[in-house]
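As a plain string of letters, each chain reads:
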Amino acid sequence: MTIAASCAGGRLTVYLGGELDHHEAGGAIRSIQELIDEHMPRLCALDLSEISFMDSSGIAVIINAGRKMKAIGGQLCVENPAEQARRVLETSGVGKLIAVASNG
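Residues numbered from 1 in each chain as written. Predicted model: local features only at pLDDT ≥ 70, side-chain atom pairs only at ≥ 80, totals over all residues. Heavy atoms only, no water.

## What about the sheet that holds strand β4 (residues 75-79)?
Turning to step 1, where the next piece is worked out: Read from one edge to the other, the open sheet built from 5 strands follows the order β1-β2-β3-β4-β5, with strand pairing classed as mixed. Unpaired on one side and paired on the other, β1 (2-8) and β5 (99-101) mark the two borders of the sheet. Recorded for the sheet is a direction-independent mean angle of 20° between the axes of neighbouring strands.
Turning to step 2, where the next piece is worked out: Where strand β3 (residues 43-54) lies against β4, 5 bridges are found, and the strand directions are parallel. Each bridged residue has a counterpart across the sheet, and for C44 the counterpart in β4 is L76.
Turning to step 3, where the next piece is worked out: Strand contacts of helix α2 (residues 56-71): β2 (11-20), β3 and β4, with the helix running at about 175° to β3, the strand carrying the most contacts. (Pairing = 2+ DSSP bridges. Helix = DSSP H or I, 4+ residues; strand = E, 2+ residues; numbered from the N terminus. Axes fitted to C-alpha atoms, helices over the stretch in contact; angles between N-to-C directions. Contact = heavy atoms within 4.5 Å.)

Pasting the structure below:
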């Protein structure tokens, strides 16, 4: 799994790539929390365009990031989910809790 980030104007974008499964979820949660703590953004966007596989552990990563952002008074959104990740998001209903924006 790869994790990269950029921050500008109160918006933190976290780019996730590779497989987001139970083997990678714990590390992803820690990395995202550290990035949020470092930048204290008003908005955190998780970009899933490079995720090749995601299971329910990915939902846990998203929910955890959402809780962290809520705790600091910010918001979380998910952007550009790759096809397989989009299906997991739709099936889970996470879009009822966190905004999900598709890339097309």
